[in-house]
Amino acid sequence: MAERFDAVDVIRTKRDNQPLSKEQVDWVVDAYTRGVVAEEQMSALAMAIFLNGMSREEIAQWTQAMINSGETMSFASLTRVTADKHSTGGVGDKITLPLAPLVATFGVAVPQLSGRGLGHTGGTLDKLESIPGWQAAISNERMMEILEDPGCVICVAGSGLAPADKKLYALRDITSTVDCIPLIASSIMSKKIAEGTANLVLDVKVGSGAFMKDLDTARELAQTMVDLGTDAGTNTVALITDMSTPLGRKVGNALEVEEAVEVLAGGGPDDVVELTLSLADEMLKAAGVPDADTAAALKDGRAMDTWRKMIRAQSGDPDAALPTAAHTHTVTADADGYLAELDALSVGVASWRLGAGRARRQDPVQFGAGIVLHAVKGDKVRAGQPLFSLHTDDEYRFERSLEVLRDGFTISAEAPARRESVVLERVTAR
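What counts, and where the lines are drawn
- Residues numbered from 1 in each chain as written.
- Predicted model: local features only at pLDDT ≥ 70, side-chain atom pairs only at ≥ 80, totals over all residues.
- Heavy atoms only, no water.
- Salt bridge = Lys/Arg side-chain N within 4 Å of Asp/Glu carboxyl O.
- Helix = DSSP H or I, 4+ residues; strand = E, 2+ residues; numbered from the N terminus.
- Buried < 20%, exposed > 50% of the residue type's maximum accessible area, 1.4 Å probe, protein only.
- Expected span 1.5 Å × (residues − 1).
- Contact = heavy atoms within 4.5 Å.
- Phe/Tyr/Trp six-rings, centres within 6.5 Å; stacked < 30°, edge-to-face > 60°.
- Pairing = 2+ DSSP bridges.
- Axes fitted to C-alpha atoms, helices over the stretch in contact; angles between N-to-C directions.

Asks: Would you explain the pattern of salt bridges in this entry?
Replies: Side chains that differ in charge, positive against negative, can pair when their charged atoms come close. Overall, the coordinates contain 33 salt bridges when judged by the stated rule. Glu262 is the partner of Lys250 in a salt bridge, and the nearest nitrogen-oxygen pair spans 3.0 Å. With a gap of 12 residues between them, Lys250 in strand E6 (residues 250-251) and Glu262 in helix H11 (residues 253-264) connect regions that are remote in the sequence. Judged by relative accessible area, Glu262 falls into the partly exposed class, the value being 31%. Across the pair Asp394 and Arg397 runs a salt bridge, and its minimum N-O distance is 2.9 Å. Connected through shared salt-bridge partners, Arg56, Asp227, Asp231 and Arg430 make up one network.

Asks: Explain helix H4 (residues 56-68) here, please?
Replies: Because the α-helix completes a turn every 3.6 residues, residues three or four places apart line up on one side. Helix length check: H4, at 13 residues, gives a terminal C-alpha distance of 18 Å against a target of 18 Å (1.5 Å per residue), a fit within 8%. Of the positions making up H4, those classed as buried are Glu58, Ile59, Trp62, Thr63, Ala65, Met66 and Ile67. In this structure, the buried residues of H4 make contact with helix H1 (7-15), helix H2 (22-34), helix H3 (39-52), helix H8 (163-173), helix H9 (181-195) and helix H10 (215-231).

Asks: Can you help me understand the packing of aromatic side chains in this one?
Replies: The description of an aromatic ring pair uses the distance of the two centres, along with the angle that the planes make with each other. Under the defined criterion, the tally for this structure stands at 2 aromatic pairs. Ring geometry for Phe5 versus Trp27: centroids 6.1 Å apart, planes at 55 degrees, classification tilted. Of this pair, Phe5 sits in the segment before H1 while Trp27 sits in helix H2, and the two are 22 residues apart along the sequence. Summarising the aromatic geometry, the rings of Phe388 and Phe409 are spaced 5.1 Å apart at their centres and angled 70 degrees between planes, so their arrangement reads as edge-to-face. One end of the pair, Phe388, is in strand E11 (residues 386-392); the other, Phe409, is in strand E12 (residues 409-412), with 21 residues separating them in the sequence. Phe388 gets classed as buried once you look at its relative accessible area, which sits at 0%. The buried category is assigned to Phe409, whose relative accessible area is 17%.

Asks: What am I meant to see in the sheet that holds strand E1 (residues 83-87) here?
Replies: Across the sheet, which stays open at both edges, the 4 strands sit in the order E1-E4-E5-E13 with mixed pairing between neighbours. Each edge of the open sheet carries a strand with a single partner, namely E1 and strand E13 (423-427). Recorded for the sheet is a direction-independent mean angle of 20 degrees between the axes of neighbouring strands. Here E1 runs beside strand E4 (residues 199-206); their pairing, made up of 5 bridges, is parallel. Looking at E4, one finds that Lys85 is bridged to Val201. Here H9 sits on the sheet in contact with E1, E4 and strand E5 (235-242), set at roughly 165 degrees to E1.

As structure tokens, then:
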């Protein structure tokens, strides 16, 4: 079959900083998925996009072409309206765990198609798989049943959704074109739009532990994704949230499940509770439930009841003991003062080195590995006071973890400014 375009012409167009037409975009994404466009040709095009950018129209067309490369889902048969949340990833970000059952408690269906962790940010599925019996892979039919009752499901996304993105993501990873807002936004949103939710709230992290390190680029990414969702007919809003310091006090798979359950029991760290409630309120507002008392649902046990049903619905035992690591090591303060700095990236990398994360997609994770923070940024500490507990099954991992962790915190005589809110900005469609 004769091809409509030539890959070299498409590359030249973007190399010369000209806009790609809808026809060029549709062809190149489809041809790349089919193997007609070679890896080195798509590498060149990705670099041209990285260097010259894309217009709003081009990004929308690129996103739609990636959606068209595979299957799409529909929740039209459900009796509940749907709302979803996507986070760009951070350290200690266990928010999906309490959030999904909390929103479902108010009659909204929450289909959370999630991923596994890679590098210093943890994956939601890895966390839940630390619960004995819990299954990430379920059929579409079973997913629909669970979305009716109890109303929330957290599971692995089907391989048929946006296969072009999966192929392109692997290529970007080895060609230094990951850090490109048009390609990041279209990667995330092609999967989210293909999943078919009616309402989407984005949690765009900013800070050392996030993909976006400064507020301007986080704002640009948030706005681009909100516009993409809106243009595709998905009601989309974003919150830009702080990831300069870890979220909560526990980092690691089973440790984060523990903390999520603390929040569902009406307790938990203030920042985790604040962000859970903020995102829940946005999701419920978008779904037409604007006056829900989400704080009350955490306090009175309704959200916990939904959590227990959700875990059981995917074969997990909510009462089973969670895995614990074989070895622990405590880091203590070497002086009196204030914990003036606690860097999210350092804590994330330290937890990863303990075994909580993976370097390659096929690597296993240690469910019990991670870090418990006995003090957080701004706390007053005394010399000899425990600051962090490190958990791992392999004692040899402590040394490399401590190497990065020691550079990630400072104790000073002056108290640092307290963070007023985890939520920095709200972004809506232009």
